[in-house]
Each structure stands twice: as C-alpha cells, then as structure tokens.
Amino acid sequence: STIRHFRHEYEVHIREKRCPACACNALFNAPCSHTCPAGTQVPQYIALISNRRFTDALRLIRDRNPFTSVCGRVCNAPCEDKCRRAQIDEPLSIRALKRFAADAASKGDLPLPSRRVSPASDKKVAIIGAGPAGLTAAYHLARMGYSPTVFEAESVAGGMLATAIPPYRLPRNVLEGEIEMIKSLGVDIKLNTRVDKAMFEKIRKDYDAVFIATGAHRGWKLGIPGEDLEGIYDAITFLKDVNLGRNTVKVGENVAVVGGGNSAIDAARTALRLGAKKVTILYRRLKEDMPAAPEEIHEAQVEGVEIRYLTVPVEAVGENGKVTALKCQLLQLAEFDKSGRRTPKPIEGSIFELPVDTVITAISQEPEIDYLSDDVKTRRSKAVEIDGSTMKTSAEGVFAGGDLVNDDWTVIAAIGDGIKAAISIDRYLGGTGELASDAAEIEIPPAPEDVDDIVETPRTLCNILPCEKRIGMEEVDLGYTREQALREAARCLRCDAGV
Ligand SMILES: Cc1cc2nc3c(=O)[nH]c(=O)nc-3n(C[C@H](O)[C@H](O)[C@H](O)COP(=O)(O)OP(=O)(O)OC[C@H]3O[C@@H](n4cnc5c(N)ncnc54)[C@H](O)[C@@H]3O)c2cc1C
Ligand code: SF4
Ligand code: SF4
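Calculation rules
- Residues numbered from 1 in each chain as written.
- Chains lettered and ligands numbered in written order.
- Predicted model: local features only at pLDDT ≥ 70, side-chain atom pairs only at ≥ 80, totals over all residues.
- Heavy atoms only, no water.
- Helix = DSSP H or I, 4+ residues; strand = E, 2+ residues; numbered from the N terminus.
- Buried < 20%, exposed > 50% of the residue type's maximum accessible area, 1.4 Å probe, protein only.
- Contact = heavy atoms within 4.5 Å.
- Areas by Shrake-Rupley, 256 points an atom, 1.4 Å probe, with all protein chains shown as cover.
- Lys, Arg positive; Asp, Glu negative; His and termini not counted.
- Charge placed at Lys NZ, Arg CZ, Asp CG, Glu CD.
- 1 Å grid on protein atoms, 1.4 Å probe; cavity = no way out; pocket = protein on both sides within 12 Å on 5 of 7 lines; lining within 4 Å.
- Points joined across faces, edges and corners; volume = space filled by probe spheres on them.
- Nonpolar A, V, L, I, M, F, W, Y, C, P; charged D, E, K, R; others polar.
- Pairing = 2+ DSSP bridges.
- Axes fitted to C-alpha atoms, helices over the stretch in contact; angles between N-to-C directions.
- Core = buried A, V, L, I, M, F, W, Y, C linked by side-chain atoms within 4.5 Å.
- Domains from an automatic or database assignment.
- Buried area = accessible area lost by both parts, 1.4 Å probe.
- Salt bridge = Lys/Arg side-chain N within 4 Å of Asp/Glu carboxyl O.
- Near = heavy atom within 4 Å.
- Left-handed = near helix turned anticlockwise from the far one by under 90°.
- Patch = residues over 30% accessible without salt bridge, like charges linked within 9 Å, V, L, I, M, F, W, Y side chains within 5 Å.
- Arc of directions from axis to C-beta.

Asks: Break down the overall build of the protein chain for me, with residues and values.
Replies: When its secondary structure is counted, the protein chain shows 17 helices and 18 strands. Overall size of the protein chain, expressed as C-alpha extent along the three principal axes, is 65 × 60 × 55 Å. Put simply, the protein chain has 499 residues, and 53% of those count as buried. Pairs at least 24 residues apart make up 70% of the contacts formed inside the protein chain by residues separated by at least 6 positions. Summed over all atoms, the accessible surface of the protein chain reaches about 22,900 Å², with 50% contributed by carbon and sulfur. Distance between charge centres in the protein chain, computed from 65 positive and 72 negative side chains, equals 2 Å.

Following this line, the structure appears as structure tokens:
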C-alpha cells in the first residue's frame, strides 16, 4: 500500500537519486540545493555573495536557471522549507539573496553563458509555449548548440510571468531582460502563433523533437446560477487583459474575488490598483488553508482587501444583464476528508447577499489541450501524462512539462521541467544529455572550518514599499541593501561542506 500511495517518491529515489522530503541524508549534503527543482547550487552562491562576488553568484545561479531575477521575486522557495538553519533559528532567505545577486551583479562584466555543442545539434527542435518551462528548455538546448524554435500564442513571451503575475510583484523590465538573454543565445520565438491541431501535426513532421509547455490557462467556472452575467470574469482572463493592456474588462467600485490561491490575491490587489473602492475575497476554508503565499495574503490585507473565510457564492444576482450582488453561503468545518482536511459544510439559514458590481473567479484552471493529437495521452484533469524522469509523453518524439503536466503549479517546477526536457531531448536525438556549464570555472570560496560559535540571528527581512506609496504597478518588495544581503548570507551554515 505504501507503493500505491507514495509511488512518485519511490520512483524519484530510484531513478533520480533524490529524496523530496530530504529525509535520506545519504543522498545529499545541502537540503536547499537538493530541494530546488532547478538544482541551484545554493550554499555556493551564498558564499559568493558573502565574498562580494555578486556577478559570479549570478553566473552560477544562471548556469541552471535562466530566470534568476524572476525566481528571486516570485519563487515559492521550497528550498527554504528544508533549510537546516531553521533548526537553530529561522531558514535563510534564499530567494531574497538570489534576487540581490541578480540586482547587484555588474551587467557589464557578465558574459553570455557558454555553449557545449552536442553531436545531435543539427537536429530540429520545436517548443510550444514561451512560458518558463518552454523558455528554460530553449535556453539549455541553445547552449547545447541547437537552434530551437518557440511557438507562442500571445503577443509577448514569458507565459504567466508576463500575462498573469502583476508587475508590482514582477517588474516587466526584469522579465524582459532575462528573455532577451535567452534570445541572444539563438532562440527564435514566434509570437502571435497559436498552435492548432493541423499545425501541431505539421510541427511534428517538420521537427525531430517537440516540447509542449502550454500551461493551464482555462479558468474553472463556479457552476452557479447567474454566472454568465456581465461583470463576471475569470482571474486569468482578467489579469491577462490588464497585463497586456487590452482594456476590455471593466472594474467597478465593489469587487468580489472567489478563491484562495495566488490568482485570487493577484486579482484582488490588481482590482484595488485599478480603482476599486472595496475588494472582498470569498474563501471556502480558513486562512491557514489558503494556497496563496502567506506574505501575499498579508500584503493584500495591508492594502485593504477584506477576506471572508468559510464563505462561498451560491448565486449571482443581476439587473439588466449585469451583476449586482452575490448570494453567499456561510460554511462550517465538519468531518475530515480523504486529504486529511475538514470538509466545509453549509450552515443552514446563513445565506446573505453581498452587493457587487464586479466578480472575479479564481478557483482553479486546467490545460487547453484541443490542439494535441490523439496519441498524446492525457489524464482526467486534462494534464498530459509523462514519464517524470524523461518528460516523454506517450507520443513518439513529444515531450511535455510545466503546468501542462504538473499538479504543483509553480514557476520553479516549470523551470525544473524545462531543464529535464532539454537533457532528455538531447539524449533522444543522439547526444549525451550533458548540459553546457560554466560552474567549473567559478571558484567557490571554501567553507569556514570552525562553526562552533553560531549565534542565534533572526532572518533579515526585505524592505517593503510603504502602503501609501503603492501607486499603480510600482514594485512592492524592494529586496535587500548590500549590508542586509551580507548579513543574511553570513547566516548560511554551508551544509555543502558537511561541517
Ligand atoms: C495569477 C498567477 C500568479 C502566480 N503566481 C506565482 C508565484 O508567485 N510563484 C510561482 O511559483 N508561481 C506562480 N504562478 C504559477 C506560475 O505562473 C506557473 O506555474 C508557470 O508560469 C507555469 O509555467 P509554464 O511554462 O508551464 O506555463 P505558462 O507560464 O502558462 O506558459 C505557457 C505558454 O504557452 C502559451 N500557449 C498556450 N497554448 C498555446 C498554443 N496552443 N500555441 C502556442 N502557445 C500556447 C501561453 O500563451 C503561454 O505563454 C502564478 C500563476 C498565476 C495565474
Ligand atoms: S544553512 Fe545554507 S546550506 Fe544549509 S540548508 Fe540553509 S541555505 Fe542551504
Ligand atoms: S530558485 Fe527557488 S527553490 Fe531554487 S534555490 Fe532559488 S528560491 Fe530556492
């Protein structure tokens, strides 16, 4: 029964020599690096920061992950959950240090990442979707000497980084800088090119391997009466519209957002920035159950977003075809379900009306897979089935990654998939699967020999833009100063050295 329930964990141990829970100490030295899906050399880049070698720190991170500045801002940082420093006081701010390295590096001294030409690099590779998964695969394939072509439906590259995550969390010049670096390696991105069934077939004929990374962009419906009234949008449509400047959605004064994940928080904070007077999030469970990052929930509340827990909409009410209110139901937590969480159950007689003029639904999304051929197997959730260690789908020469295959929708999981796909595609085409790397050239400062005198030191907090200065899409998290970064870097225990 353990194999049935923990099959993925067993497979990862055997095939990839990885222990996702960081319980098998024999498999790793530094739990942070082991947990990062991109395999970032965390203690090594922190040591470079400590030595004020910021450009080398960026080179080392970028060797695996082309989206250093992006991840320094929006990564969910699973590495921090496993940081050993937490056994003494608090985990390192690994993400904030990554951002500092990217911001502080001297761009003039930064060479382009090197190449290692694969024997198979005359083969043609197509990538569908220019999100973090697709562009990371393109980055590594280009460094292996391939000339990958990326087909992208939207007018911009970056996927959700460009179309969904708001600029006050991820300034667009930061994202564009990293995409330009990828393009300068010889990656051809064909924008405004939505791949349909016929085009997918043609791409498969014209290219030797195809990586599909088209994300999960179709928002789920609430399934309540009145849902088609004017003024009700799904979060992805809403955020895309705002971020791409299409101006087809209209935000009123009184906005309700339904959901508890990153999309819900981003939609709520964006609505405030577009002039909404009151924004209320309706969430069916409790604060601690919300999938959104705790710091994002906190900032939303600081900005004035109200969150009503244990509340769901049951009907949208309208006048002249336009939404005017949501009928909501209060819930209470009852018995535990299969996932170990308590099931929310309606409280009898608790329905109330919430006046609104705009509703944004952010309950979940699913992949749009209409363009795929029948030999690409998918699951009931519409996710594409893959072999997790090779990223191969059931169709010959077709690989897949990112939100299109994952349940865990994060930027760093998509980047990790892009790396695995590049390795696997090179092997499939006749190469060795060895990535180009500059890591050996970067001398890593040795770990201090004496670690007896560790003093409890709290984690260094980032500077945050005061609420009254949050005008428009100004970045809210301002990162570290040099002094703060050096103080935080000094907290690292250098677990890589096994001291
Ligand atoms: C509002 C919001 C906030 C988020 N915040 C965070 C966060 O803070 N931290 C975090 O780690 N993750 C966050 N995520 C999740 C993260 O953005 C995704 O997990 C990640 O972008 C997935 O990368 P991907 O490359 O698989 O797909 P995507 O980023 O979705 O990129 C897929 C690309 O494929 C293109 N495409 C789709 N269909 C076609 C087609 N038929 N032909 C051609 N191109 C096509 C799309 O236009 C898109 O550009 C957030 C997501 C949302 C929606
Ligand atoms: S203390 Fe340093 S090396 Fe150890 S897990 Fe934390 S960040 Fe990684
Ligand atoms: S990319 Fe994310 S998971 Fe990887 S080391 Fe950086 S913060 Fe941690």
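Asks: Describe in detail the layout of surface pockets, supporting the description with residues and values.
Replies: Any space left empty among the atoms is revealed by the rolling of a water-sized probe across them. The computed volume of the second largest pocket comes to approximately 1,500 Å³. Broken down by secondary-structure element, the contributors of at least two residues to the lining of the second largest pocket are α2 (7-16), α3 (31-35) and α16 (411-428). The dominant element in the lining of the second largest pocket, judged by the number of residues it contributes, is α16, at nine residues. Partitioning the lining of the second largest pocket into residue classes produces 15 nonpolar, 15 polar and 15 charged.

Asks: Which residues make up the sheet that holds strand β14 (residues 358-361), and what values go with them?
Replies: Spatially, the five strands line up as an open sheet ordered β6-β14-β7-β8-β9, and their pairing is parallel. What marks the edges here is a single partner per strand, and that holds for β6 (232-234) and β9 (306-308). The mean inter-strand angle of the sheet, taken between neighbouring strand axes irrespective of direction, is 20°. Two strands pair when backbone bridges link them, and β6 and β14 are joined in this way by three bridges, in the parallel orientation. In the sheet register, Asp234 faces β14, and the bridge partner there is Thr361. This element, helix α14 (residues 262-273), spans β7 (254-258), β8 (278-282) and β14 of the sheet and lies at about 170° to β8.

Asks: Go over the nonpolar core, please, and point to the residues and values.
Replies: The tendency in soluble globular proteins is for nonpolar side chains to be buried as a group. By size, the foremost hydrophobic cluster in this structure holds 50 residues, and its most contacted members are Phe67, Leu135 and Phe211. Only α6 (68-74), β1 (125-128), α9 (132-143), α10 (160-163), α11 (172-183), β4 (209-212) and α16 provide two or more residues apiece to this core. No other element matches the nine residues that α16 contributes to this core. One finds Ala77, Phe100, Ala101 and Ala489 within the second-largest nonpolar core, a separate group that totals 27 residues.

Asks: Help me get a handle on the domain arrangement of the protein chain, residues and values and all.
Replies: Domains assigned within the protein chain are domain 1 (2-112 + 438-497), domain 2 (125-217 + 367-428) and domain 3 (219-365). Of the residues lining the interface, 26 residues belong to domain 1; the matching set on domain 2 comes to 32 residues. Summing both sides of the interface, domain 1 and domain 2 together bury roughly 2,400 Å²; the carbon and sulfur share of this comes to 68%. Our enumeration of links across domain 1 and domain 2 arrives at two salt bridges. One salt bridge connects Asp63 with Arg143, and the closest N-O pair in it is separated by 3.1 Å. Of all the secondary structure elements, the ones that give two or more residues to the side of domain 1 that touches domain 2 are α2 and α6. The biggest single contributor to the side of domain 1 that touches domain 2 is α6, with six residues. Of the residues contributing to the side of domain 1 that touches domain 2, the split by class is 13 nonpolar, four polar and nine charged.

Asks: Report on the pattern of salt bridges, specifying residues and quantitative values.
Replies: For the structure on display, the rule yields 40 salt bridges. Where Lys240 meets Glu154, a salt bridge forms, and the shortest distance between an N and an O atom there is 3.3 Å. Here the residue Lys240 occupies a position in helix α13 (residues 235-243), and Glu154 occupies one in the loop between β2 (149-151) and α10, the gap between them amounting to 86 residues. By relative accessible area, which is 11% here, Glu154 ends up buried. Linking Glu296 and Arg169 is a salt bridge whose minimum nitrogen-to-oxygen distance equals 3.7 Å.

Asks: Hey, could you go over the site of ligand 3 for me, with residue numbers and the actual values?
Replies: Taken together, Cys36, Thr40, Val42, Cys71, Cys75, Ala77, Pro78, Cys79, Ile94, Arg95, Lys98 and Ile412 make up all the residues around ligand 3. Where the shell around ligand 3 is concerned, the elements lending two or more residues are α7 (78-81) and α8 (94-104). In terms of residue count, α8 provides more of the shell around ligand 3 than any other element does, three residues in total. In terms of residue class, the shell around ligand 3 is built from nine nonpolar, one polar and two charged.

Asks: Lay out the pairing of strand β12 (residues 342-346) in plain terms, naming residues and giving numbers.
Replies: Relative to β12, strand β11 (residues 322-336) runs antiparallel, the two sharing four bridges. What sits directly across from Leu331, in β12, is Pro346. In this structure, the hairpin formed by β11 and β12 is closed by a connection of five residues, where Gly340 is found at a positive phi of approximately 85°.

Asks: With reference to specific residues and values, describe the packing of helix α5 (residues 54-62) against α8.
Replies: What describes two packed helices is the angle between their axes and the distance between those same axes. Viewed as axis vectors pointing N to C, α5 and α8 meet at an angle of 115°, and their least axial separation amounts to 8 Å. Considering the relative orientation of α5 and α8, their crossing is left-handed. Residue-level contacts link Phe54, Ala57, Leu58 and Ile61 of α5 to Lys98, Phe100, Ala101, Ala102 and Ala104 of α8.

Asks: Tell me about a nonpolar patch on the surface, and please be specific about residues and values.
Replies: Taken together, the side chains of Ile3, Phe6, Tyr10 and Ile14 define a hydrophobic patch exposed on the protein surface, amounting to about 430 Å² of accessible area. Relative to the assigned elements, Tyr10 resides in helix α2. Given the relative accessible area of 39%, Tyr10 is considered partly exposed.

Asks: Got a sec to walk through helix α15 (residues 294-302)? Specific residues and values, please.
Replies: Looking only at α15, the buried set comprises Glu296, Ile297, Glu299 and Ala300. All buried residues of α15 fall inside an arc of 165° around its axis, so they share one side. The elements touched by buried residues of α15 are α14, β9 and β17 (463-464). Positive phi shows up at Gly304, right after α15, with a value of about 110°.

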